[in-house]
Amino acid sequence: MADEALFLLLHNEMVAGLYRAAEQGEGENGRCITKLENMGFRVGQGLIERFTKDTARFKDELDIMKFICKDFWTTVFKKQIDNLRTNHQGIYVLQDNKFRLLMQMSAGKQYLEHAPKYLAFTCGLIRGGLSNLGIKSIVTAEVSTMPACKFQVMIQKM
Amino acid sequence: MDPAAAAAAEEEGGEKPPVIYTMENKPIVTCAGDQNLFTSLYPTLSQQLPREPMEWRRSYGRAPKMIHLESNFVQFKEELLPKEGNKALLTFPFLHIYWTECCDTEVYKATVKDDITKWQNVLKAHSSVDWLIVVVESDAKKKNKTNILPRTSIVDKIRNDFCNKQSDRCVVLSDPLKDSSRSQESWNAFLTKLRTLLLMSFTKNLGKFEDDMRTLREKRTEPGWSFCEYFMVQEELAFVFEMLQQFEDALVQYDELDALFSQYVVNFGAGDGANWLTFFCQPVRSWNGLILRKPIDMEKRELIQNQEATLLDLRSYLFSRQCTLLIFLQRPWEVSQRALELLHNCVQELKLLEVSVPPGALDCWVFLSCLEVLQRIEGCCDRAQIDANVSHTVGLWSYATEKLKSLGYLCGLASEKGPNSEDLNRTVDLLAGLGAERPETANTSQSPYKKLKEALSSVEAFEKHYLDLSHATIEMYTNIGRIRSAKLVGKDLAEFYMRKKGPQKAEVYLQGALKTYLAEGWALLVTHTRKQLAECQKQLGQIENYLQMSSLLASDNHLTEDERKRFCQEILDFANQQAESQGQKVILSMHSFAQLKTLHFDPPNAVVHVGGKLSVELTLLSQMPIPVQVDQIAIYVHFNIEKNSYRKTAEWLTKHKTSNGVINFPNEVAGFPLSRNNLPALELYEMYERSPSDNSLNTTGIICKNVHMLLRRQESSTSLDIPSGVTLEDGAHMLKCNDLILEPGINKISFKTQAKEPGTYTLRQLCTSVGKVQFVLLHIYPIVQYDVYSQEPQLKVEPMTDSLLAGIPQKVKFTVITGHYNMKSGDALQLSNADAMPALYNPEIKAVIYSNTREKISESSLRIQSSEKITSISLPVTPAYHVIEFELEVIYLPSTPESAVERENTVNKEAHRKNKEKQKPDNRMATVDQKVTIDCPWSIYSTIIALTFCIPFNAKHSLLSAGKRKYVQVCVQNLSELCFQLSDNSLKNSASCADLQLVPLNPESQQVIYSKQSIFFVWELKWTKELPLSLQCLFSVSFCPATSEEQSLSLKPFTYEFQVENFFTLYNVKTEIFPPLGAEYCKTGSLCSLEVSITRLADLLEVDKDEALTESDGYCTTKLMYEVVDNSSNWAVCGKSSGVISMPVAARATHKVHMEVMPLFAGYLPFPDVRLFKYLPHHSAHSMQLDADSWIENDNLSVDKNVDDQADSSSIRSRSSLHSAASGEHKGLPMPRLQSFSSGQVFNCSTGMQILVVPSKDDHVLEVNIT
Amino acid sequence: MAVCIAVIAKENYPLYIRSIPTENELKFHYTVHTSLDVVDEKISAMGKALVDQRELYLGLLYPTEDYKVYGYVTNSKVKFVMVVDSSNTALRDNEIRSMFRKLHNSYTDIMCNPFYNPGDRIHSRAFDNMVTSMMMQVC
């Protein structure tokens, strides 16, 4: 679908552009990551507002996480999260075995060093979405063989 | 008296005793026929009937119900039957039963039949079809009967006579009084039948009734229609349902009525009023609230019946019925909820219908009603239930509280000085409207009625009741977590206290509320509450708090300009009170008074030297609505000396602390709860995890470094409320600024100070004094500091270029950092000249003076006096903490003997090293350190500065010969980056040897030598007489940078000294190759003859004096060894390739050697080399015995080894020794030594000659054995 | 028809609040603020509720003598509160509900507005107009 392609390309450009800019300036580790994450955060906030407009109110945290894994993920990445795990103490691990943003890059360990910058935005997306649903969280990511990747959500108990 | 009878009486006309509606109402069943029989059966019947439930299928698709039937059996009277049009349902007989136990036909014919007929006719007359005939049989009777008909016959007869086609209308009940299974069965059958018939009757009659009711309702648009009448009709239905325990249905009836009425009111509001409605609009005269204690409030019902009810009456009655039913239905919480709606609704309806209500009347009504409802509910629930359902009742509580409050205000009970006369009158009227207390509550002490009466009776009583209510409400709200509501009630309470001039009680509530509003950021509420609190604090005389509050309000833009001004004035008034009252100052937090926006340093890097001037400019945003006269603004500064901290050295500070001098302060967002923006930002980083084995990437990802920070629970920050106990630090250091006016909005205030002690100064607090009031900013954040430093004077001398070159004038930069020293006129730098390095005086040298922060201050020309010993540079007058910079041209002259020698050695060593390793050209320049001692005005010690110069050139020499003629070649290489111009080169023989002259073969003209380039110079040696063994030469060439125009200054030339030895040619070696006899050319593979002729060119010389020389009778010979080597292996030398010859030492003595060589290739082949050595016997004794060839064969190699080395050797001595060493270790046994000649002693005149070799005809490869 | 419309952030501070007539603005602020109690109550109660009952529209929060206060909460815990004049009996639940939907829609647009920084007070012409239309709308 066009919209999907648009998102993918736009995202790639965003990453590339940001890193290019960073090379001119001092390329300190983390700065770009943080920028991307913040972009994602804002986008997440907006998206969740739209997506949840017509859904019933959520029962609890888990209910919300499910929504993120199903509806939210499907709308953004055209597929569901493949596996959601939690310790019921506010830590959730979302695993996507075919993560859209890594699909085009590699299948395996090749280019692994480039993976992080393509995850930052999505981390922000999740954090933004959750925070707009009233859940403060920290989202980190991990890839060992592309295009599979894990997102870890640590929820801040209010 | 039972209702049926009552109804009957009614029918008879005359006096109307009211029907008593009790819950004992039961559907009426009449009994005709044998009364005794019935009475005997009645107990069993009445007790058996309700036992079993029966399903009631109902019309209008209502859900079927199981109901337990009871009924009220009464004796049949014709009057009981309702006439046409009588709508009464409660008195309606639903079933008529005829009882008989007649069992013989005679009797039946005689009496019973007629009796039944009569009964039936009456029923028919009233068209009631719900009847049943019961025939009771008992065996007892049959006994004494003689002529008995089959028992059935009677029943049959009756059936025949009466129940045509509905035989089931006649049932048999056998032996009812016996306790037998048979009798049991018949009972059951009978009861079932009875129930069925009853229900049928209900369905039929109720259905009919409802139809009538509906038609009546449809008529409601017609003029004559009256709501009250209709009300009575539908309520009748409700009653019946209630009677049948069908409370739901009953409730529905009332709700319908409710809705209908409400609709009318609304429509009335919308304009079309039903005329009957106007009648509810009569002014309200009594407001004795709801009465819910009786199931039915007869008085009100009558009012409605007689169409005298007011709106309140109607509503009250309606609700009381709903309430009753709801409570039957175990739904008390719905009661409370509906009650609240009702009360609100009534108030609205009265408004809508523009009913005139005396002030306060409604409040009374609502108040009473609330309490009534609450008490009613309490009456039917236990404590636990009530507590669990506070959320349902609390609304009523607060409503009651509210109403009581307004009553209190209305009747002047909430004022400081009780009610006045008209308040009292009002109170009296209100109480009058309550009427007398109802009997049913008369004996309950806490009845709403009593409460209200008491509350209105006196100020104290009112307060008590009001407080009770309020506290109760607040507590309930708090318990169910409705904090905000609780606070609101609290604020009402506070208002009340304020009116009663009890501020101390009010404060706590106001503070509580304020906290909530602040925490949740509701600006308007904050403002409002603050205003109240300010008033409260004023009354309490809490000056500090009051002033703080005032400042908050004065800065609050939710208030009108005037209000703000007023509060601001409050502060100023206090501030300007004459200090005759004790002079204690009031300290307030500044943030509401003014906000610190920016702070600007000059110098911008906030670094200043001791005694230097520093200015600080604050931008203050005054929040006050009017200009404020300020006595003093002070910045409290904290001083600390950071000794031996590198970061505080003048250099570091002046270099690194380069801010633009402006510090911006975040302005605290008023209104937003802080929780929103106090989260630290995530620190995300890319993560690369490599596998320990091969460190290939294992996992990558994103990690967060400050999780611990973020996951910490946020505790609700209360930083917004006024900091209590503001304290000032001791003003050891402070920056002051006196007597100025703070205009509303932006103000710029600048402080000037002179730096004293070196160290770091931190701006801690800001304090604005207005009269007795001080506004203090407790912490200036972000941290603002300025640094003061002191510095020793110092001198730096550094070359402008990266390396100084010897011999040419170059600029050297002098930097004088004055530090704390002031340059007076006459202060000068004294350079003690080394004449190898004179400072070149240049009139237009300018010294530039910078401030320590590198801003150019001024420029002044430099006076330099040079005596032969000392150059003194007089420095311009410069204040402390400045930098003087100027450039001086210096030149290093590499000419003074000692330095020259030193240099020459170095250069020669260079040369040697080069000779050793040719393959890698070495570009390193020789360097010389030159020391200068400088005396500075600020210290008695003189500074020694070393400058390093590089010699740009490197020279090599070599000796060339042609026969006897000799040439000297000098190669000059430019190692520097620059390119130079070389001129007037010369070579001199230092040893004064008259007849030797050096004839230059070089162009006289100047030559340019580019970087990394070499130039060669050649001279021919000419002489006439005897030559010295060695020759001392001095090469010199003058140079100047090719770029620089000014040739004015005379530069010392570059010189190079060297010597050549043993350069005179002793032997001439000539080689010839002849083709074989008869052949014209040499052919490959054919032997040719090689002739070497060695000719002595000179007579005995000094050189020859060595052990090789053997002298016999004045005729000396020396031993030479020749050797033919062909490295190009073009030739095969056949036979001995070398040999020793003894050479007579005399001019023109010649020695010829023949040998055979064979060309291996065709073409022009170069001749094989012929080498000549001195042959020094080791021991003249036994050296002879040795077969020369034998060892030479072996030694060949050892000699060959050195061939390359010998090619161009500059120092023969060293060479020979080296060689001997080599050969020495080569063989253990003593051997003769070979000594090669120094270059130029032997001239090989056929080097480079070639001979044509033609290929042989037969091209077969021939074997040649080579020795 | 509505006399006061408020949008309240998840942290319970007002993002937007407007009322007519303006003279008793303060009163409305108090009303709305207090109504948050009931909103919280309903939200927390919602945890147990069944899915079909988990509607965003919270219905009547509480009636007062002269006003009815209705509530609505988005999934992002942003609350909409609408105060309606009690005399205005013509308003049925469904109309209120649809008014809230309109509010929610235009709030969503604001959230997706690049110039809006979530959590800031709402200053949007579009939103203003929409609110005005709801207040003017005479029945």
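Below or above, wherever it landed, is the structure these notes cover. Source: prediction; values computed, not measured.

### Side note on the sheet that holds strand E24 (residues 828–832) of chain B
All names here are of chain B. Here we have six strands laid out as an open sheet, ordered E22-E32-E31-E24-E29-E28, and mixed in their pairing. Every other strand in the sheet has two partners, leaving strand E22 (804–805) and strand E28 (863–866) as the edge strands with one partner each. Pairing analysis gives four bridges linking E28 to strand E29 (residues 870–874), with the strands arranged antiparallel. Bridging across to E29, Ser 866 finds its partner in Thr 871.

### Some details on the interface of chain B and chain C
Quoted interface sizes are often the accessible area lost when the parts come together. Across the boundary between the two partners, chain B contributes 29 residues, which contact 29 residues of chain C. For the pair chain B and chain C, the summed buried surface comes to about 2600 Å²; carbon and sulfur atoms form 58% of the total. Run the count over chain B and chain C and you get four salt bridges. Linking chain B with chain C are twelve residue pairs in polar contact (both at pLDDT 80 or more). Listing elements by their share of the side of chain B that touches chain C, those giving two or more residues are helix H12 (332–352), helix H15 (390–410), helix H20 (483–499), helix H21 (503–520) and helix H22 (523–540) of chain B.

### A closer look at the packing of H12(B) against H15(B)
All names here are of chain B. Two elements in contact, H12 and H15, have axes whose closest approach is 7 Å; the angle formed by their N-to-C orientations is 35°. The interaxial crossing formed by H12 with H15 has left-handed handedness. The segment H12 lies against H15, with Trp 333, Ser 336, Ala 339, Leu 340, Leu 343, His 344 and Val 347 engaging His 392, Thr 393, Gly 395, Leu 396 and Tyr 399. In the contact of H12 with H15, the residues fall into seven nonpolar, five polar and no charged.

### Brief notes about the layout of surface pockets
Space inside the second largest pocket adds up to approximately 1400 Å³. Lining the second largest pocket are 43 residues, with B:Ser398, B:Tyr477, C:Tyr62, C:Pro63 and C:Thr64 positioned closest to its centre. Every element with two or more residues in the lining of the second largest pocket is listed here: H12, H15, helix H19 (459–479) and H20 of chain B together with helix H1 (25–46) and strand E3 (57–63) of chain C. In terms of residue class, the lining of the second largest pocket is made up of 16 nonpolar, twelve polar and 15 charged.

### Points about the sheet that holds strand E2 (residues 14–19) of chain C
Residues and elements named next belong to chain C. The antiparallel open sheet is built from five strands, whose spatial order is E2-E1-E5-E4-E3. Of all strands in the sheet, those bounded by a partner on one side alone are E2 and E3. Neighbour-to-neighbour, the strand axes of this sheet turn through a mean angle of 15°, independent of strand direction. With five bridges joining them, strand E1 (residues 2–8) and E2 adopt antiparallel strand pairing. In the strand pairing of E2, Cys 4 is matched with Ser 19.

### Notes on empty space enclosed by the protein
Any empty space left between the atoms is revealed when a probe the size of a water molecule rolls over them. Residues and elements named next belong to chain B. One pass over the full model with this rule turns up eleven cavities of 30 Å³ or more. Here the largest cavity is characterised by a volume of approximately 150 Å³. Residue lining of the largest cavity: 15 residues in total, with Leu 290, Glu 372, Arg 438, Thr 441 and Tyr 449 positioned closest to the centre. Taken together, the residues of the lining of the largest cavity break down into seven nonpolar, four polar and four charged.

What counts and what doesn't
Residues numbered from 1 in each chain as written. Chains lettered and ligands numbered in written order. Predicted model: local features only at pLDDT ≥ 70, side-chain atom pairs only at ≥ 80, totals over all residues. Heavy atoms only, no water. Pairing = 2+ DSSP bridges. Helix = DSSP H or I, 4+ residues; strand = E, 2+ residues; numbered from the N terminus. Contact = heavy atoms within 4.5 Å. Buried area = accessible area lost by both parts, 1.4 Å probe. Salt bridge = Lys/Arg side-chain N within 4 Å of Asp/Glu carboxyl O. Polar contact = N/O pair within 3.5 Å; in protein donor to acceptor, adjacent residues only side chain to side chain. Axes fitted to C-alpha atoms, helices over the stretch in contact; angles between N-to-C directions. Left-handed = near helix turned anticlockwise from the far one by under 90°. Nonpolar A, V, L, I, M, F, W, Y, C, P; charged D, E, K, R; others polar. 1 Å grid on protein atoms, 1.4 Å probe; cavity = no way out; pocket = protein on both sides within 12 Å on 5 of 7 lines; lining within 4 Å. Points joined across faces, edges and corners; volume = space filled by probe spheres on them.

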